[in-house]
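Descriptive analysis of the structure
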Amino acid sequence: MLALSEAPAVGSETSTPWTNAQATPLVEIRSVSKQYGDFTAIGDLSLKIYPGEFFALLGPSGCGKSTLLRMLAGFETPTAGEILLNGEDMVPMPPEKRPVNMMFQSYALFPHLTLEQNIAFGLKRMKLPKGEIDSRVEEMLQLVQMTTQAKRKPHQISGGQRQRIALARSLARRPKMLLLDEPMGALDKKLRRETQLELMDIQHRLGTTFVIVTHDQEEAMTVASRIAIMDHGKLMQVAPPIDTYETPASRYVAEFVGDTNIFTGSVTAAGSSALDFTLEVSGQSLNALPQPGIAAPDARYLNVRPEKMAVSKDRVDDGSNYLRGRIDEVAYLGNLSTYYVDVGLDQRVLVQMTNSQRFGSERFAEDDNVWVSWYPQDGQLLDR
Ligand code: ATP
């Protein structure tokens, strides 16, 4: 039997606690800063993480992801601020006293111990009774589907299996929160995909709160209930994956999460349901929709994702925005074709089209004169 925590698993009715002002967070980070000498690794950061979340910290190298995770684990002390777990300040608490466990990228399994002894190691240090240790080890081996290999040593299993044993060992102590620092960094791409799905399944079954650090945006999108996108020790946006992609808060987030086209310009005419956005470089006017939370005069960019655009030989009067261009480069990716189109601005436009038919899909070649189009509702105005 799995030891299910009381935490609601993400996917249930209570799966969006961040939208409920009354919901009680598991972790509350309050105005936390971390200085190394003059250097600010984390600057005045506040964040709530809820029970049962699979929370991802995403950002470029050096943005402070690991520093934040290490402060949650207790390996680093904040220079200022508080970190509460179930309302209790964790900052004065040493790592081993926190109901938190950390799984590192280098799994650091003991080579001379069997897999079951590796899982039992931390439980013995907790001085649990032998019967309790045995049943937890068995439960964890079942959880990661490694029961039949229990007597092997780490060098007798694959990299993916070692990762699963490391996970089992981290979860055996039944932490309230598991911290994972690039846990799939050592796995190849295919195994990484499989492991992501396994990790989601295990997290869902246990209901334990997971916080993962990754610089792989696809990985964060796959596993996470919410993603915190960081830059220079600050949070740029904290939102479910779909929101970071479809309604990024800024140009930085739009460009960090997936590919995109950002046009610079300003709103030159504004009605209640439609706007004219005039491109700075060419003076061409495009149709856009008002963006909630952004006053028309503040809009500086129009963000359009490549798959929301189409390339065509002819222009049809269907209310789309059209830019005249010439195909500069084509990348055929099998399922998709990516077109880099010179539209006479100071940037190439990236368009992605699905090859939904084996031979029927219309394809284009370098130097073809084309129209690039998108519907006004598929563009998003940004003010920063
Ligand atoms: P990566 O993806 O490369 O691991 P990260 O986002 O996890 O990066 P951190 O390891 O948190 O980044 O580091 C944040 C910043 O703090 C970096 O600029 C790093 O050089 C700096 N830093 C981290 N630890 C120390 C330290 N002990 N002393 C001084 N500077 C440090």
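Predicted, not measured: the structure shown is a model, and the values here were computed from it.

With antiparallel pairing, four strands are arranged side by side in an open sheet as E2-E1-E4-E5. Strand pairing shows two members of the sheet lacking a second neighbour, strand E2 (39–49) and strand E5 (88–89), which therefore form its edges. Two elements, strand E1 (residues 27–36) and strand E4 (residues 80–85), share five bridges in a ladder whose sense is antiparallel. The residue of E4 that forms the bridge with Ser33 is Ala80. Against the sheet, helix H1 (residues 65–73) engages E1, E2 and E4, with an angle of about 120° to E1.

The next point concerns the domain arrangement of the chain. Taken as a whole, the chain is organised into domain 1 (4–99 + 175–246) and domain 2 (259–382). Taking only C-alpha atoms into account, the centre of domain 1 sits 35 Å from that of domain 2.

Under the defined criterion, the tally for this structure stands at 23 salt bridges. The salt bridge partner of Arg251 is Glu255, with a shortest N-O separation of 3.5 Å. With a gap of four residues between them, Arg251 and Glu255 both fall in helix H8 (residues 251–256), about one helical turn apart. On the accessibility criterion, Arg251 (26% relative accessible area) is partly exposed. A residue is classified by how much of its surface remains accessible, and Glu255, at 42% relative accessible area, is partly exposed.

Now for the site of the ligand. The immediate surroundings of the ligand are formed by Tyr36, Phe39, Ala41, Pro60, Ser61, Gly62, Cys63, Gly64, Lys65, Ser66 and Thr67. At 2.9 Å, a side-chain N or O of Lys65 approaches an oxygen atom of the ligand. Relative to its free-state accessible area of 640 Å², the ligand is covered by the protein chains to the extent of 57%. Looking at the shell around the ligand, the elements that each hand over two or more residues are E2 and H1. Considering every element that reaches the shell around the ligand, the biggest residue donor is H1, with three residues. Its residues assigned to classes, the shell around the ligand comprises five nonpolar, five polar and one charged.

To continue, consider the nonpolar core. Side chains of nonpolar character tend, in soluble globular proteins, to be buried together. Counting 41 residues, the largest nonpolar core has Ile119, Ile165, Leu167, Leu171 and Leu180 as its most contacted members. In terms of residue count, helix H4 (residues 159–172) provides more of this core than any other element does, six residues in total. If we ignore the near neighbours within four places in the chain, the residues touching Leu180 are Leu69, Met103, Leu167, Leu199, Phe210, Val211, Ile212 and Val213. One finds Leu72, Met177, Val213 and Ala228 within the second-largest nonpolar core, a separate group that totals 28 residues.

So, on to helix H5 (residues 189–206). Along its 18 residues, H5 runs 26 Å from first to last C-alpha, staying within 8% of the 26 Å computed at 1.5 Å per residue. What H5 keeps buried is the set Arg192, Thr195, Gln196, Leu199, Ile202, Gln203 and Leu206. Each buried residue of H5 sits inside an arc of 135° when the element is viewed along its axis, so together they form one side. For H5, exposure combined with an orientation more than 90 degrees from the buried face picks out Lys190 and Leu197. Where H5 is buried, its residues touch strand E3 (54–58), helix H3 (130–143), H4, strand E7 (177–181), strand E8 (209–214) and helix H6 (217–223).

Turning our eyes to something else, we now look at the packing of aromatic side chains. Enumeration according to the criterion identifies six aromatic pairs in this entry. Seen in terms of ring centroids, Phe54 and Phe210 are 5.3 Å apart; in terms of plane orientation they differ by 65°. Their pairing is edge-to-face. Note that Phe54 is positioned in strand E3 and Phe210 in strand E8, a separation of 156 residues in sequence. Taken as a pair, Phe54 and Phe210 share a single burial class, namely buried. With 4.5 Å between their ring centres and 50° between their planes, Phe110 and Phe121 make a pair best called tilted. Of this pair, Phe110 sits in the loop between strand E6 (100–103) and helix H2 (115–125) while Phe121 sits in helix H2, and the two are eleven residues apart along the sequence. Assessed through its relative accessible area of 27%, Phe110 is described here as partly exposed. Arg305 extends its terminal NZ or CZ atom over the ring of Tyr245, reaching a point 3.9 Å from the ring centre. Here Arg315 stacks its cationic end above the ring of Trp371, 5.2 Å away from the centre of that ring.

Assignment of secondary structure puts Thr195 in helix H5. On the basis of relative accessibility, which here comes to 3%, the residue Thr195 falls in the buried class. For Thr195, the side chain forms a polar contact with the main-chain oxygen of Leu191, separated by 2.6 Å.

By volume, the largest pocket is sized at about 670 Å³. Looking at the largest pocket, it is lined by 24 residues, and the ones nearest its centre are Asn101, Met102, Phe104, Arg125 and Arg173. Counting only elements with at least two residues in the lining of the largest pocket, the list comes to E6, H2 and H4. Considering each element in turn, the lining of the largest pocket owes the most residues, five residues, to H2. Each residue belonging to the lining of the largest pocket can be placed in one class, and the counts come to 15 nonpolar, four polar and five charged.

The topology assignment puts Gly207 in the loop between H5 and E8. We classify Gly207 as buried; its relative accessible area is 4%.

How each quantity is defined
Residues numbered from 1 in each chain as written. Predicted model: local features only at pLDDT ≥ 70, side-chain atom pairs only at ≥ 80, totals over all residues. Heavy atoms only, no water. Pairing = 2+ DSSP bridges. Helix = DSSP H or I, 4+ residues; strand = E, 2+ residues; numbered from the N terminus. Contact = heavy atoms within 4.5 Å. Axes fitted to C-alpha atoms, helices over the stretch in contact; angles between N-to-C directions. Domains from an automatic or database assignment. Salt bridge = Lys/Arg side-chain N within 4 Å of Asp/Glu carboxyl O. Buried < 20%, exposed > 50% of the residue type's maximum accessible area, 1.4 Å probe, protein only. Near = heavy atom within 4 Å. Polar contact = N/O pair within 3.5 Å; in protein donor to acceptor, adjacent residues only side chain to side chain. Areas by Shrake-Rupley, 256 points an atom, 1.4 Å probe, with all protein chains shown as cover. Nonpolar A, V, L, I, M, F, W, Y, C, P; charged D, E, K, R; others polar. Core = buried A, V, L, I, M, F, W, Y, C linked by side-chain atoms within 4.5 Å. Expected span 1.5 Å × (residues − 1). Arc of directions from axis to C-beta. Phe/Tyr/Trp six-rings, centres within 6.5 Å; stacked < 30°, edge-to-face > 60°. Lys NZ or Arg CZ within 6 Å of the ring centre and 35° of its normal. 1 Å grid on protein atoms, 1.4 Å probe; cavity = no way out; pocket = protein on both sides within 12 Å on 5 of 7 lines; lining within 4 Å. Points joined across faces, edges and corners; volume = space filled by probe spheres on them.

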